[in-house]
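# Observations on the model geometry
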Amino acid sequence: MSTDERTKEMQGRSGDSEAEKDTDRRNSNSQPNASDWVNFSQWMHCFCVVTFDLNLGQAMEHVYPPEFMPSDQEVSNICYMAFPDSNSGCMGDTKFHMRLRCTSRQDSLAGYNAECGPALRQDSSHYWGFVYFRQKRDPNLPRGYFQKSFIIITRLPFFNLYYDLLSQLAPRYFEEGTDVLRLASEQINCQWPALRVGHPLQLPLLESSYQICIPRATSSRKTTGEAGSAESSPPATKVLPSVNEVELFRSLDFVMEHLYTLWELVMTAEPIVVVGTSPADCSYMVQSLLALIAPLEYCAEARPYFTIHDSEFREFTQECTVKSSLPACILGVTNPFFVKLLKDWPHMLRLVDNQVRARLSLSPLARALFCILIITLDLFQKNMQHQQHLLLSQKHSRHIASATSFSSASGDLTGRSLKSGGSLNGSGASSNGGGVAGMGDNSCSGLHSKYRPYLKKDKALIKKVLLGMKTKRPEHVQTALIRRNLLELTQSFMIPLERYMASLMPLQKDISPFKSAPNASTFKLDDFLATLETAGPQLTSPLKGDWKGLYRRFFRSPNFRGWYEARHRELQLTLQDLQLQALSEANLEHWAHDKQEVEIIDMILKLKQKLNLYSDKEVLSGTQQQIRAQIECMKGLLPPDLKNVVNL
């Protein structure tokens, strides 16, 4: 049975009950219309409940508020991704998140998006889905299992906040039913403040309360923490220091040796498939990868949890036969079918089996020893490969054939495969083929890739993190070390680009109040690379390597295009602001003394157009008053009859 047929049948079965509910709503007039959910819709789109139907499979059971029912295509995607793959074996409660494309683009909150950082912006083209899946044995049910998912659909990437809300709402829903959805929705709509940046926000929910502070794009985390301190909060309020920052060390500890390789792969938007056994592991790892390049926005596609039933399945997999057309995307998958399907993808990050569950069952010391063992095995294999390569190169020419045979048996010791676990299986990187299929045994956990990093890694940081594993340093401290180091690296990488972009601004003398605003100059890669000798990242970063090669690769990526378009747009707006300021300060009365009346009218219309364009900018309030004064001055130069004719 097709998805559309299943959806229609489900809707037909529930049609009578929905009609009764609609009648009750009209009679009681207790439920608000869609236009009354304005405040709620800033924070969330809707709550969804997906259950398993013996006839329909995964089916939508409830949507609240019902006015925000997703489209048929969105319902299909939500239902399929609301449950883990059958091979995951997730018993009990599992939390994960997904990202799905909207079928109808909606306007985002422009004011909010302009003030917050890229990682916190409301997405107008995608939904985030935060899932609480429960599976437990129930002999009273036909299949012997209770399977149901509670989902928060939103456009905001507030991972820490929505995971906390899930933990509070989902268990209550499973126990008390749909009344929880109604109470929570009405409380959010009536008691939550409007979405604002830079202010502490109190978010009451049922018997609990949260306090968050969404930082401005230019604010530091210290300022954010002070704004959201617990001193000004009620005793029962839970203060979230960050609404979106995840614990990097929790998912990256077993690939610390390849931390800087992963940073380069994400920075250049390389295709990466993250393979795990649980959607919780995959979605957390994908989010950790995206956070590696903060505060730079990741502008390619990312799917924290992806299944073969997703409507975008063909889009991300049909081009895998053409190496040059691989999509710039990070996919988190749990179905082993993807390993064979995406064999042409050049980078695979295979997670430790049931990583989250295994970590919870190990003591901190055991986890540290496990990670150290993985990294030690990796270093040991690299050392052995290097020694064997030197030995083979010193052999006499008459032994080349036997040496080649030995090298082949050892797994192509000159390959570039990067592995962080299980490296002693004799599975090196094959010298032919660009995808993971040419890497031998890729079933071991770790990074499987032929990518050769442009930069040398910071051994001091890796050594410090490994030492922290031995000394049982808390995870949040380890994460802080990693995040600070990567933040400095990303800033060192972007500062030369920002400096060169600023040089594309026209000179102040070229901005005339009587001409159109000039355009910023075009970005030229060769000119930019020429500036690196005297103003490159080597001035602020201790890392050595081929910075120019990395910039060339970054220049071809969606991340560069997204960054450049945003900066170019800012430059153009800045030029418009400067011209508006020049207009407000110009002596227009002197300019108009030898001008025709039609030219004066044209100037008045131009001033009005500029004023309307910037009417919503508070920072230009003084300039706006000056522009209004200029308009009145120009009007005074016209005869009364002409002003009436042109309606000025």
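Residues numbered from 1 in each chain as written. Predicted model: local features only at pLDDT ≥ 70, side-chain atom pairs only at ≥ 80, totals over all residues. Heavy atoms only, no water.

## A look at the pattern of salt bridges
Counted by the stated rule, this structure contains 24 salt bridges. The residue E301 makes a salt bridge to R99 at a minimum N-O spacing of 3.7 Å. Note that E301 is positioned in strand β10 (residues 301-303) and R99 in strand β3 (residues 92-101), a separation of 202 residues in sequence. We note that E301, like R99, is buried. In this structure, the salt-bridge partner of E186 is R182, at a minimum N-O distance of 3.9 Å. Taken as a pair, E186 and R182 lie in helix α7 (residues 179-191) at a separation of 4 residues, close to a single helical turn. Here the salt bridges do not stand alone but share partners, grouping R99, R101, D123, E301, R303, E312 and E315 into one network. (Salt bridge = Lys/Arg side-chain N within 4 Å of Asp/Glu carboxyl O. Helix = DSSP H or I, 4+ residues; strand = E, 2+ residues; numbered from the N terminus. Buried < 20%, exposed > 50% of the residue type's maximum accessible area, 1.4 Å probe, protein only.)

## Describing the packing of helix α17 (residues 459-470) against helix α18 (residues 475-503)
Between two packed helices, both the angle of their axes relative to each other and the distance between the axes serve to describe the pair. Viewed as axis vectors pointing N to C, α17 and α18 meet at an angle of 170 degrees, and their least axial separation amounts to 10 Å. In terms of orientation, α17 and α18 fall into the roughly antiparallel class. Residues L461, K464, V465, G468 and M469 of α17 touch α18, and the partners they reach there are Q478, L481, I482 and N485. When its residues are assigned to classes, the contact of α17 with α18 shows 5 nonpolar, 3 polar and 1 charged. (Axes fitted to C-alpha atoms, helices over the stretch in contact; angles between N-to-C directions. Parallel < 35°, antiparallel > 145°, perpendicular 65-115°, else oblique. Contact = heavy atoms within 4.5 Å. Nonpolar A, V, L, I, M, F, W, Y, C, P; charged D, E, K, R; others polar.)

## Examining the environment of N485
Counting through the fold element by element, N485 comes out in helix α18. Relative accessible area serves as the criterion here: at 16%, N485 is assigned to the buried category. In this structure, the C-alpha to C-alpha distance between N485 and S541, residues 56 residues apart in sequence, is 9.9 Å.

## Side note on the sheet that holds strand β6 (residues 200-205)
Spatial ordering of the open sheet is given by β6-β7-β8, a layout of 3 strands whose pairing is mixed. If you trace the sheet from one side to the other, it starts and ends with β6 and β8 (237-239), each paired once. Across the sheet, the mean angle separating the axes of adjacent strands is 25 degrees when strand polarity is ignored. Taken together, the 3 bridges between strand β7 (residues 208-213) and β8 define a ladder with parallel strand orientation. From the neighbouring strand, Y210 faces β8, where its bridge partner is K238. In the packing of helix α6 (residues 159-176) onto the sheet, contacts are made with β6, β7 and β8, and the angle to β7 comes to roughly 175 degrees. (Pairing = 2+ DSSP bridges.)

## Remarks on the packing of aromatic side chains
Considering all chains together, one arrives at 37 aromatic pairs under this definition. A ring pair is formed by F146 and F174, whose centres lie 5.9 Å apart and whose planes are at 90 degrees; its orientation type is edge-to-face. A residue pair is termed long-range when its members are at least 10 positions apart, and F146 in strand β5 (residues 145-154) and F174 in helix α6 qualify at 28 residues. The residues F146 and F174 share a single accessibility class, namely buried. Ring centres 5.8 Å apart and planes at 80 degrees place the aromatic pair F554 and F560 in the edge-to-face group. Cluster of aromatic residues (ring-pair linked, three or more members): W263, F493, Y500, F523, F528, W547, Y551, F554, F555, F560, W563 and Y564. The ring centre of W128 lies 5.5 Å from the NZ or CZ of R99, which sits over that ring. Over the face of the ring belonging to F146 we find K136, whose NZ or CZ atom lies 5.8 Å from the ring centre. (Phe/Tyr/Trp six-rings, centres within 6.5 Å; stacked < 30°, edge-to-face > 60°. Lys NZ or Arg CZ within 6 Å of the ring centre and 35° of its normal.)

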